[in-house]
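# Inside the fold
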Amino acid sequence: MTLTDSVAIITGAASGIGRACARRFLEEGAVVLACDIDGAGLEKLSAVGGQGRLHTAVCDVTKRADAEASVEQALSLGGRLDCLVNSAGITPRTLPPEADFEERWDAVMAVNAKGVFLMSHAALAVMRPAGRGSIVNLVSVMSMVGYPTSLPFSDGFTAYPHSKGAVAQMTREMGVRFGVDGVRINAVAPGFVYSPLTENVVGDPEVHAEMRRLHPMGRMGEPEEIAAVVAFLASDEASFVTASVWPVDGGYTAQ
Ligand SMILES: NC(=O)c1ccc[n+]([C@@H]2O[C@H](COP(=O)([O-])OP(=O)(O)OC[C@H]3O[C@@H](n4cnc5c(N)ncnc54)[C@H](O)[C@@H]3O)[C@@H](O)[C@H]2O)c1
């Protein structure tokens, strides 16, 4: 893997898949700017180590000024930005129960879709003139298929699959457009993964069993299994891979 001395921004790095990506990138020798809206979570991240290569920024990806400030901070670490991993994300379950359907849709689209757009826009302003860079977006199997009706996650109006579909298409559109500038843009589409995002739903034994059953491998994924593919796509090992969406889903979408 060729991430040594790369400067990488990872959003949503205080938890779950983003946190596993931060750890993996540090293991691969990258300089990491871990961004998250959760400052307390970022403080705990220091436990992953990194020998002085881990830096943090409290950043709300829905705010353009925060996105641009994160890129500025990354540049201050070594005068370059090699990778952006967009892992910050929420589901409607993250919101208070009193939020109505329109508030839920707006909030999920703001983080999951607009956040990726703003972070990518800020990063591309640096990567394109540099003639190199790599962006990896965390989408989901729900960017390709709807929630199965055997799960109680959607009434058809749920923004989560809508937002992930938007980012899969952002990945293709930006990847096609900016390949000529030397910037590769890809997405990873995980199946269900154990993290705080799924913690509530796996607490119900029947729902948990069904979530496992939906994967031909008969189980859910671990954040580290997603981070491994993110690190590969971000690195020069994937030098001819762009504008693509990679299922990392135990076979979920092949059925
Ligand atoms: N866990 C799964 O089953 C699963 C499956 C497919 C895709 N994904 C996607 O992977 C990504 C990571 O998911 P996870 O399971 O690690 O979730 P998680 O809840 O463990 O972590 C998400 C992180 O995003 C941060 N965040 C939320 N809003 C933010 C904002 N406005 N600005 C900056 N940071 C913000 C949270 O504070 C949190 O640290 C998400 O985009 C999610 O949709 C997860």
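Report follows, based on the coordinates. (Residues numbered from 1 in each chain as written. Predicted model: local features only at pLDDT ≥ 70, side-chain atom pairs only at ≥ 80, totals over all residues. Heavy atoms only, no water.)

### A few points about the overall build of the chain
The number of helices and strands found in the chain is 8 helices and 7 strands. For 255 residues, the compact-globule estimate of 2.2 N^0.38 gives 18 Å, and the C-alpha radius of gyration of the chain, at 17 Å, lies within 12% of that figure. Here the C-alpha coordinates of the chain stretch approximately 50 × 35 × 35 Å along the principal axes. For the chain, buried positions account for 54% of its 255 residues. In the chain, 72% of the contacts between residues at least 6 apart in sequence involve partners at least 24 apart. Only carbon and sulfur atoms are counted for the fraction: they give 55% of the accessible area of the chain, which is about 11,400 Å². Side chains of the chain give 20 positive and 29 negative charges; the mean places of these two sets differ by 4 Å. (Helix = DSSP H or I, 4+ residues; strand = E, 2+ residues; numbered from the N terminus. Rg over C-alpha atoms; globule rule 2.2 N^0.38 Å. Buried < 20%, exposed > 50% of the residue type's maximum accessible area, 1.4 Å probe, protein only. Contact = heavy atoms within 4.5 Å. Areas by Shrake-Rupley, 256 points an atom, 1.4 Å probe, with all protein chains shown as cover. Lys, Arg positive; Asp, Glu negative; His and termini not counted. Charge placed at Lys NZ, Arg CZ, Asp CG, Glu CD.)

### Examining the layout of surface pockets
Approximately 960 Å³ is the volume attributed to the largest pocket. Taken together, 44 residues form the lining of the largest pocket, with S87, A88, G89, I90 and L197 sitting closest to its centre. Going through the elements one at a time, helix 1 (16-27), strand 2 (31-36), helix 5 (159-178) and helix 6 (199-202) are the ones with two or more residues in the lining of the largest pocket. The greatest single-element share of the lining of the largest pocket, amounting to 3 residues, is contributed by helix 1. Grouping the amino acids of the lining of the largest pocket by side-chain chemistry returns 23 nonpolar, 16 polar and 5 charged. Its volume calculated, the second largest pocket comes out at about 220 Å³. Contributing to the lining of the second largest pocket are P92, R93, F101, R104, W105, Y147, P152, F153, D155, F157, T158 and A159. Examining the composition of the lining of the second largest pocket, we find that 3 residues originate from one element, helix 4 (residues 101-130), more than from any other. Of the residues belonging to the lining of the second largest pocket, the class tally is 8 nonpolar, 1 polar and 3 charged. (1 Å grid on protein atoms, 1.4 Å probe; cavity = no way out; pocket = protein on both sides within 12 Å on 5 of 7 lines; lining within 4 Å. Points joined across faces, edges and corners; volume = space filled by probe spheres on them. Nonpolar A, V, L, I, M, F, W, Y, C, P; charged D, E, K, R; others polar.)

### Concerning unusual backbone geometry
With the exception of glycine, the majority of residues adopt a negative phi angle, and the majority of peptide bonds are in the trans configuration. Despite not being glycine, D5 shows a phi value in the positive range, around 70 degrees. Within the secondary structure, D5 is located in the segment before strand 1 (7-11). Of note in the backbone geometry, A243 takes a positive phi value of approximately 60 degrees without being a glycine. Mapping A243 onto the fold places it in the loop between helix 8 (223-234) and strand 7 (245-248).

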